Number of protein chains: 2
Amino acid sequence: MSTPRRMTLKDLARELGVSTATVSNAFNRPDQLSPALRERILGEARRLGYRGPDAKARSLRTGRSRIIAVILAESLTYSLNDAVASELLSGVAEVLDAQGHTLLLLSARQMQSELPGAASMADGYIVYGLMPSQSLLETLPTQAPLVAVDFDVTGRPSIHVDDEHACYTIARHALRRATRRPGIINLRLTAEACNGPIAPDQRLLSAEQTITRSRLTGFYRALDEAGHDPAAVPMWNIEENTFEVCAPVIEPILDLPDDKRPDLLLCVSDRIALTALTLAEDRGLRIPEDLRLTGFDGIAEGQYRAPRLTTVRQDSVEKGRMAARMILGLTPPASSLLSTELLIGDSCP
Amino acid sequence: MSTPRRMTLKDLARELGVSTATVSNAFNRPDQLSPALRERILGEARRLGYRGPDAKARSLRTGRSRIIAVILAESLTYSLNDAVASELLSGVAEVLDAQGHTLLLLSARQMQSELPGAASMADGYIVYGLMPSQSLLETLPTQAPLVAVDFDVTGRPSIHVDDEHACYTIARHALRRATRRPGIINLRLTAEACNGPIAPDQRLLSAEQTITRSRLTGFYRALDEAGHDPAAVPMWNIEENTFEVCAPVIEPILDLPDDKRPDLLLCVSDRIALTALTLAEDRGLRIPEDLRLTGFDGIAEGQYRAPRLTTVRQDSVEKGRMAARMILGLTPPASSLLSTELLIGDSCP
DNA sequence: CGAGCTAACTGAATCGATCCAGACAGCGAA
DNA sequence: TTCGCTGTCTGGATCGATTCAGTTAGCTCG
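Quick caveat: nothing in here was measured; it's all calculated off a predicted structure. (Residues numbered from 1 in each chain as written. Chains lettered and ligands numbered in written order. Predicted model: local features only at pLDDT ≥ 70, side-chain atom pairs only at ≥ 80, totals over all residues. Heavy atoms only, no water.)

Novice: Looking at this structure, how should I read the packing of helix α4 (residues 55-62) of chain A against helix α4 (residues 55-62) of chain B?
Specialist: Geometry of a packed helix pair, given as the angle between the helix axes and the separation of the axes. Running from amino to carboxyl end, α4 of chain A crosses α4 of chain B at an angle of 145°, the nearest separation of the two axes being 8 Å. Handedness of the α4 of chain A/α4 of chain B crossing: left-handed. Within the contact between the two elements, α4 of chain A uses Lys56, Ala57, Ser59 and Leu60 of chain A and α4 of chain B uses Lys56, Ala57, Ser59 and Leu60 of chain B. Of the residues assigned to the contact of α4 of chain A with α4 of chain B, the class counts are four nonpolar, two polar and two charged. (Axes fitted to C-alpha atoms, helices over the stretch in contact; angles between N-to-C directions. Helix = DSSP H or I, 4+ residues; strand = E, 2+ residues; numbered from the N terminus. Left-handed = near helix turned anticlockwise from the far one by under 90°. Contact = heavy atoms within 4.5 Å. Nonpolar A, V, L, I, M, F, W, Y, C, P; charged D, E, K, R; others polar.)

This is the structure:
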C-alpha cells in the first residue's frame, strides 16, 4: 500500500490540483507565482516526501547537467597523490561548488575511443596536463566548452603560468653564485617513456609541448647569460613525478665522483628537487655547499622543512579557479598566463 | 546550411529507413539484429557524425546514470592532499572505470540541505570518513545503494579495517621495550574543534565514533597488559591531519623537560607521526633512543625515509575497490573488516 | 464603461532515448 | 497444409521534468 514508485512532480501537481507548470515554477522561478501558493506547494512536497525535480529528467529537458568533467592526463592514482594536481582540483571544486555544479573526475589513461558512462553529459571539460594524444579529445562533444590547463588544444583557451619567465628567473638567481657544473632534471620530455640521461641532440626536438619548451627556453637563456653553453649542460629525464620513479634516476647522479657531480641541479618540479635533497642528505652531501637545488611549484612539503627549498611558487589553486570560471562562463574564455613568485630557500640561497 | 542541431537517434533512423528501436539495438544489443544491418547503421552513424545515444536521455529512460558519487567528510582540498583518502579514491576509480562508470566527487563540507547539482542522479553513494552529521545523509535518495567507509551509517553496510586489533598489536609491540611515559596523539576525538591535551574524563565519552573508540580500546588493552594505567596516559587531540595543524600541538609536547616528555608516542596516523618525527629531529632528539614513535596507515612517505616509520599498514586502495564493488553489486553488500599488517621500522624497533 | 495591462496560472509539446508487445517472413516438422 | 518457432525488425508508450503560448481574473485609467 505504500507508494509503489517515487513521487513525481506530476503526482504532486495532481494532489494539489494545480498544473505541473506551476509546481515546476515553485521550485525554479519563485517570481512566477504567488508566495502563498508557493508555500503551499513546498509544504505539501515536504509532507509527501517529494525531493524536488528529478535531476535526470531536468538535464534531458534543459540540456544542462550541472556537471563539469575534469580530465586528468595521468592516472587518478598518480594525480591524486600529486600535490599540484590536487591543488588544481581544489580550485576547480571551490568554484563549481559555489555555483551549484559538481565535479566528475576522469583520467585520460582509461579513456578509450568512447567516453565512459556519463562523461558525455558534462556541461564542460577541463583538461589538465600533457595528454597522451590529442585525438583523445575528439571524442568529447564538440559544442561543449573546453579549457586546457598546462597544455594546449588548438582553437581552445588554455591556462598556463609564465613558465619561461619563471624558469629564467630562478635559473638566473641560482647562477648568481659561481657554478661549475649545472645540470637540469626534466619531466616527461619525450613521447616514449625514458628515464635517465638525455643526449643533447634529442632535447628540444622532442620537446613539442609548450610547457616543456618554455621551461627549457627560460633555463637556457639564463645559462647563456651566465656564460654556460646550454648545449653542454647535462640533462636527465624523469617519466613520473613520484619519489619511486625519481630516485633511481637521481641516485647515479649523486654518486658521481666529486669532480663530475653537478653542483647545481635545476629541477622542473619540487617533487624531483625534494627527492634529490633527501637522497643527497642520506649521502652526507652538504646543502647548499656541495650541491644547490631548485624546484618548481612551491608545494607545502618543500617549504615546511629544513633546509627549505628554493623554488618558484605557482598558484595551482588559482589556475583551477580560473579554469572553472571560464567553463561556467563567469569569465570570458581566453588563454592566459599566470605569474609566479620566486621563493628563495636554503637549498639555493 | 550545416546541421542546425545535433543529430539524434531518430534522425539516423529516418536517414536509414529503419526504426529507432533498431538503431538503439545496434548500439546496445548487437544480438537483436543482423550483423549486416548493424554494420550499416554504425557506419552511417560514423559518417553522419552521430556520437551514440545521448547520455542524458538514456539516464532518464533507464533510470541509471552510470555515475557513482563519493562523499568525502572533509573538504576536497584536505582530502585530495591526504594520502589515505587519495588511495581510497584510486581504488574506487579503478573498479568504476573497469565497469564503465564514472566518479562524481562531493564534499560533505559543502553540502547544504539540498544536494548540489547533479549529485542526486548518482546510481550509488560511497561515504568516507567521519561525517559532520548523520542528517546530511538523509538528503540522499533513499533507494540508492550506499556504502560507508571508516564510518557507520545505521542500516547500511560499512567497511573498516580491524582498528582495535591493529592498535592493540602496534601498542603491544611498542611496549615490549621498557617505557616510562607513553602518550597518545589522536585525531578528531571531539565533536567541537579542539587542538591540544585532552583531560582523562573527556576521553571515551566523546569518542562516539566506532573508529576512534576501537583504536583507543586497542591501545588501552595493550597499555593495561603492559602494566600502565590507561587513564593516566596523557592524550592529545588534533583536528586536521596536516602538518600545519599537527605541528603546533606537537611542539609543546617535545619541548617538555626531559623528565616530563613522553618517551613513546602512539599516533593514530602516519601524518601525525611524521610531523612529530621531523620536529623531534629538528630539536636534536635521538630516534628511537630519546623518543619512540608509531603511526597508522602505512603511507609511502613514512616508508621511504630514514628513520623508517613503525606503523600499521592498511590497504586503502583495497577498501576503495571493495566499496566500489559493493555499490555496483559485484559483491553482495555486507559490512566487513579488513586486516592490517604491522610494519616495524626504525622509529620504534 | 470599456480598453489595456499585469499577475497568476494552465495545457500540451518537447527533450532523446529505451523497450515492450507484436508483426512478419522463412523454415522445418508433423 | 498447417502449426509453431526463430530471427529480425517496428510502433509507440514512456521516463520526469521545462517552457512557450496562451487564458482568465482583477485592476487602473481616461
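Novice: What is the right way to read the protein's contact with DNA strand D from this model?
Specialist: Neighbouring residues of DNA strand D: 27 residues in total, closest Leu9, Ser24, Asp54 and Arg61 of chain A together with Thr22 of chain B. Considering DNA strand D, the proportion of its atoms within 4 Å of the protein that are sugar or phosphate atoms stands at 64%. Side-chain polar atom of Asn28 of chain A to a phosphate oxygen of DNA strand D: 2.8 Å apart, as the coordinates give it. In this structure, a base oxygen belonging to DNA strand D sits 2.8 Å away from a side-chain N or O atom of Arg61 of chain B. Among the secondary structure elements, those contributing two or more residues to the surface near DNA strand D are α2 (20-28) and α4 of chain A together with α2 (20-28) and α4 of chain B. (Near = heavy atom within 4 Å. Polar contact = N/O pair within 3.5 Å; in protein donor to acceptor, adjacent residues only side chain to side chain.)

Novice: Mind showing me how you'd approach unusual backbone geometry here?
Specialist: Glycine aside, negative phi is the norm for most residues, and most peptide bonds take the trans geometry. Of note, the amide linkage connecting Ile287 of chain A to Pro288 of chain A takes the cis form, showing an omega dihedral of 5°. Residue placement: Pro288 of chain A occurs in the loop between α11 (270-282) and β10 (292-294). For Asp150 of chain A, which is not glycine, the phi torsion reads 55° and is therefore positive. Within the element layout of this structure, Asp150 of chain A appears in the loop between β4 (146-149) and β5 (158-161). Phi at Asp297 of chain B is positive, roughly 130°, even though this residue is not glycine. In this structure Asp297 of chain B comes out as buried when scored by relative accessible area, which is 9%. (Buried < 20%, exposed > 50% of the residue type's maximum accessible area, 1.4 Å probe, protein only.)

Novice: Can you walk me through the sheet that holds strand β7 (residues 196-198) of chain A in this structure?
Specialist: Residue and element names in this part refer to chain A. Overall, mixed pairing links the five strands, which are arranged β7-β8-β6-β9-β10 in an open sheet. A strand with exactly one partner marks an edge of an open sheet, and here the two such strands are β7 and β10. In this sheet, adjacent strand axes meet at a mean angle of 25° when their direction is disregarded. Relative to strand β8 (residues 235-238), strand β6 (residues 182-187) is paired through four bridges, and the arrangement is parallel. Bridge pairing links Ile185 to Trp236 in β8. Relative to the sheet, helix α10 (residues 243-254) contacts β6, β7 and β8, its axis offset from that of β8 by approximately 160°. Contacting β6, β8, β9 (264-267) and β10, α11 runs over the sheet at an angle of about 155° to β10. (Pairing = 2+ DSSP bridges.)

Novice: Sorry if this is basic, but what is going on with the pairing of strand β3 (residues 124-128) of chain A here?
Specialist: Note on strand geometry: in a regular strand, side chains alternate between the two faces of the sheet. Residue and element names in this part refer to chain A. Within β3, five of the five residues are buried, which leaves it mostly tucked inside the rest of the structure. Burial along β3 is two-sided: Gly124, Ile126 and Tyr128 facing one way and Tyr125 and Val127 facing the other are all buried. Both strand β1 (residues 67-72) and β3 contribute to a ladder of five bridges, which runs parallel. Pairing of Leu72 across the sheet is with Tyr128, part of β3. Sheet topology places β3 next to β4; four bridges connect them, and they run parallel.

Novice: Just to check I follow, could you spell out the domain arrangement of chain A for this structure?
Specialist: Size of an interface: often given as the accessible area lost when the parts come together. Residues and elements named next belong to chain A. Each assigned domain of chain A is listed here: domain 1 (9-53), domain 2 (67-160) and domain 3 (163-314). The interface is formed by 11 residues belonging to domain 2 together with 11 residues belonging to domain 3. In total, about 1,000 Å² of surface goes out of reach between domain 2 and domain 3, with carbon and sulfur atoms giving 52% of it. Contact with domain 3 buries area across many residues of domain 2, yet Tyr78, Val84 and Leu130 alone supply 46% of it, more than any other trio. One can count one salt bridge joining domain 2 with domain 3. Residues Glu74 and Arg188 are paired through a salt bridge, measuring 3.4 Å at the closest nitrogen-oxygen approach. Applying the counting criterion to the domain 2 and domain 3 interface returns four residue pairs in polar contact (both at pLDDT 80 or more). The element contributing the most residues to the side of domain 2 that touches domain 3 is helix α6 (residues 83-98), with three residues. Tallied by class, the residues present in the side of domain 2 that touches domain 3 amount to five nonpolar, one polar and five charged. (Domains from an automatic or database assignment. Buried area = accessible area lost by both parts, 1.4 Å probe. Salt bridge = Lys/Arg side-chain N within 4 Å of Asp/Glu carboxyl O.)

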